[in-house]
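# Chain and residue survey
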Amino acid sequence: MAEVHVIEHPLIQHKLAMIRDRQTGPKEFRELMEELAMLLAYEVTREFPLEEMEIETPIGHARVRMVSGKKVAVIPILRAGLGMTAGILRLLPTAKVGHIGVYRDPEPLRPVAYYCKLPPDLPDREIILVDPMLATGGSAVAGIDFLKERGANVIKLMSLIAAPEGIARVRERHPDVEIYLAAVDERLDEHGYIIPGLGDAGDRLFGTR
Ligand code: PRP
Ligand code: URA
């Protein structure tokens, strides 16, 4: 069974506290989400292989290690996953970006897929699937199903906040997918919102309902 990583880094916990706060307005909310995604990307890429090479500095030769041609795809689940994408791309500027559109039908909280555009060489890429909220897990499972149907091999799921129910669902349906999180909250409410969570991530990012 793949691991669930809850990243306790002080900067992540500090920024998570700020993004949860109801007083945080949309501009700051967007900036925090981008920064949190960048910090989580640092952890997601921790095992990337390095290749030794020689370069010239202004005054000599140096044996150095660089990430060896790793092919990555960052796949945000629309809409709220978009808020994390730019932060990841700041660390991984050559990654390809695919999009999966999934929304939760409020009754009976079922994920509905409405858009899909993915890099053609998906099977050759390590995939970082991003969605800030892992609530019932329905959207993430639908996203992973989509990717696997299209040949994806290595998938890592990056979220900010998860409910225990969402983690359990992803692990049951996709035990091979590693999960990276900033926090695991208490529970879901009767509408499928994470308690205490941060509210509706998409609405806070984009100012629409
Ligand atoms: C939110 C969130 C996740 C999903 C999580 O999206 O961004 O995608 O809910 O819930 P789940 O784990 O129960 O599926 P929403 O459906 O509200 O769409 P949006 O991003 O377009 O606002
Ligand atoms: N989606 C959100 O945006 N927030 C939640 O708490 C649950 C699902």
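Notes on the structure in this doc start here.

Criteria and thresholds
- Residue numbers run consecutively from 1 along every chain, following the written order of its sequence.
- The naming scheme follows written order: chains are lettered A onward, ligands numbered 1 onward.
- The model is predicted, so local features are restricted to residues of pLDDT at least 70 and side-chain atom pairs to those at 80 or more, both for listing and for counting; the totals for chains, interfaces and linings are taken over all residues.
- Side-chain measures were taken over the full set of non-hydrogen atoms in the model, leaving aside hydrogen atoms and water.
- Runs of E in the DSSP output that reach at least two residues are strands. Runs of H or I that reach at least four are helices, and both are numbered from the N terminus.
- Summary of the burial criterion: residues with accessible area below 20% of their type's maximum are buried, those above 50% are exposed, and those between are partly exposed, where the area comes from a 1.4 Å probe applied to protein chains only.
- Contact between two residues is taken to exist if any of their heavy atoms lie within 4.5 Å; hydrogens are not considered.
- To measure how exposed things are, a 1.4 Å probe is used in the Shrake-Rupley method; for residues, cover is taken only from the protein chains shown.
- By convention in these notes, a residue is near a molecule or strand provided one of its non-hydrogen atoms lies within 4 Å of it.
- Counted as a polar contact is a pair of N or O atoms within 3.5 Å, where, for protein atoms, one must be capable of donating a hydrogen and the other of accepting one, and residues adjacent in sequence contribute only when both atoms are in side chains.
- Three classes are used: nonpolar for Ala, Val, Leu, Ile, Met, Phe, Trp, Tyr, Cys and Pro, charged for Asp, Glu, Lys and Arg, and polar for all others, with Gly counted as polar.
- What counts as a salt bridge is simple: a side-chain nitrogen of Lys or Arg found within 4 Å of a carboxyl oxygen of Asp or Glu.

In terms of regular secondary structure, the protein chain is built from six helices and 15 strands. Principal-axis analysis of the C-alpha atoms places the extent of the protein chain at approximately 65 × 40 × 30 Å. Taken across its 209 residues, the protein chain has 46% of its residues classed as buried. Pairs at least 24 residues apart make up 63% of the contacts formed inside the protein chain by residues separated by at least 6 positions. Summed over all atoms, the accessible surface of the protein chain reaches about 11000 Å², with 52% contributed by carbon and sulfur.

Every residue near ligand 2 is listed here: R104, M133, A135, G192, Y193, I194, G199, D200 and A201. Between ligand 2 and I194, the relevant distance is 2.8 Å, taken from an oxygen atom to a main-chain nitrogen or oxygen of the residue. For ligand 2, a nitrogen atom lies 2.8 Å from a polar atom in the backbone of G199. Relative to its unbound accessible area of 240 Å², ligand 2 is 89% covered by the protein chains. Each residue belonging to the shell around ligand 2 can be placed in one class, and the counts come to five nonpolar, two polar and two charged.

Turning our attention to the site of ligand 1. Near ligand 1 lie 14 residues; those nearest to it are R79, R104, D131, T136 and S139. A distance of 2.5 Å separates an oxygen atom of ligand 1 from a polar side-chain atom of T136. In the complex, the protein chains occlude 90% of the 500 Å² of accessible area that ligand 1 would expose alone. Counting only elements with at least two residues in the shell around ligand 1, the list comes to β6 (99–105), β9 (133–134) and α4 (138–149). A class-by-class count of the residues in the shell around ligand 1 yields six nonpolar, five polar and three charged.

By the definition in use, this model includes 15 salt bridges. Across the pair E126 and K70 runs a salt bridge, and its minimum N-O distance is 3.0 Å. With E126 in strand β8 (residues 126–130) and K70 in the loop between β3 (60–67) and β4 (72–78), the pair connects residues that are 56 residues apart, well separated along the chain. Looking at E126, the relative accessible area reads 8%, which means it is buried. K70 gets classed as partly exposed once you look at its relative accessible area, which sits at 30%. With a closest N to O distance of 2.7 Å, D176 and K148 form a salt bridge. Linking D176 in the loop between α5 (164–173) and β12 (178–181) with K148 in helix α4, this pair joins segments that are 28 residues apart in sequence.

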